[in-house]
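Listed below are the residues making up each chain.
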Amino acid sequence: MAILLSTKANAMAAWRDALLELEPDLDIRLFPDAGDPNDIEAAVCWTQHDMAELRRYPNLGLLVSMGAGVDHLLRPPGPPPGVPVARLKDERLTSGMTEWVLLNVLRFHRQDLEYRAQQEARVWDELPAPETSARRVGFLGLGELGMAAANACRSLGFPVMGWTRRPREVEGIETFHGEDGLATMLGRSDILVCLLPLTPDTRGILNARTLAMLPRGAFLINAARGGHVVQPDLLEALDSGHVAAAALDVFEPEPLPADHPFWRHPRVLVWPHAASITIPRSAAPQVIENIRRLREGRELINLVDFSAGY
Ligand code: NDP
Ligand code: OXD
């Protein structure tokens, strides 16, 4: 039986080598060279793989995302019926995201955009120094990534809040759920960080209505998916000054088209979906673990709940 790998051409070899290092006898096929479709027992895929194609493999028993997100695997037509889907939960992916969120929380908190503008104009002027305790940070999503980044913000003294699908109690973090909870948290978020999965419930969640709930002059950090943001609504909120600035790592579509206004907007920081990048060597052990479990008929790990969509 064989494992099918499907990702960008420049990442294939790193994934293959990382898996073979742990399980040298593994038969790995690099898409599109799948060989006999009957051989494929598991597929490890990134965003570009067409889910309809996976229906060619009658013995497929597991589909693994090469990232934390699974929206690319669940969008229509979705994975072949009955095939379980696993995501990555990876320390390096989590720490990379915490770094990126902190980078931008601190950039906004310490008025870096203002100091850059001053540098441009050769202005030597001290701005009033803010206190972390006076800057409230709201997290949309307190999962693997949101929770770690929220705790990192907490450790610097920021008051931290989090909005989740199910009610949660988290020490030191004020939590909210539901529509009312969302409105309350947005109304208090001086910096809003989006780390939600993209599902039918969360698509377009950052729109004119919800952005207007933020305090005037709030900052937005989106490291989740471009589909969470209604881009024209965010542009309007930025242009009116209601949202002071945004750090965006994800867009719809990607790459961000060359003529998109975000590229040149003075209050938008654009990153090329690189807030946290999967490192195959770090992620490989859990993929191997799942392949072993699949072969032994044991319970799989890090499975997606199809009814929740993540
Ligand atoms: P998790 O699945 O671990 O956590 C998701 C969180 O979102 C949970 O707290 C969950 O609530 C909450 N949530 C989900 N749906 C809703 C909803 N309808 N209403 C309110 N809260 C909701 O995800 P991760 O933290 O691992 O990752 C989050 C996303 O980050 C990924 O899906 C991916 O899109 C993105 N990502 C981006 C990267 C980048 O480089 N830009 C890198 C890696 C991931 P509950 O706790 O109740 O389940
Ligand atoms: C992920 C990503 O989902 O990198 O892991 O976006």
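Residues numbered from 1 in each chain as written. Chains lettered and ligands numbered in written order. Predicted model: local features only at pLDDT ≥ 70, side-chain atom pairs only at ≥ 80, totals over all residues. Heavy atoms only, no water.

Focus on the site of ligand 2
By nearness alone, every residue bordering ligand 2 is listed as Trp46, Gly67, Ala68, Gly69, Leu93, Arg225, His273 and Ser276. Residue alanine 68 places a main-chain N or O atom 2.7 Å away from an oxygen atom belonging to ligand 2. Here an oxygen atom of ligand 2 and a side-chain polar atom of histidine 273 are 2.6 Å apart. Relative to its unbound accessible surface of 210 Å², ligand 2 loses 88% to contact with the protein. Its residues assigned to classes, the shell around ligand 2 shows three nonpolar, four polar and one charged. (Near = heavy atom within 4 Å. Polar contact = N/O pair within 3.5 Å; in protein donor to acceptor, adjacent residues only side chain to side chain. Areas by Shrake-Rupley, 256 points an atom, 1.4 Å probe, with all protein chains shown as cover. Nonpolar A, V, L, I, M, F, W, Y, C, P; charged D, E, K, R; others polar.)

Details of the sheet that holds strand β4 (residues 62-65)
Taken together, five strands build an open sheet; the order of strands is β2-β1-β3-β4-β5 and the sheet is parallel. Lying at the two open borders of the sheet, with one neighbouring strand each, are β2 (27-30) and β5 (85-86). Bridge count between strand β3 (residues 40-45) and β4: four bridges; the pairing is parallel. By the bridge assignment, alanine 42 is partnered in β4 with leucine 62. (Pairing = 2+ DSSP bridges. Helix = DSSP H or I, 4+ residues; strand = E, 2+ residues; numbered from the N terminus.)

Points about the state of the cysteines
Within the structure shown, the criterion is met by zero disulfides. Cysteine cysteine 194 is unpaired, with the sulfur of cysteine 153 as its nearest cysteine sulfur at 14 Å. (Disulfide = S-S within 2.5 Å.)

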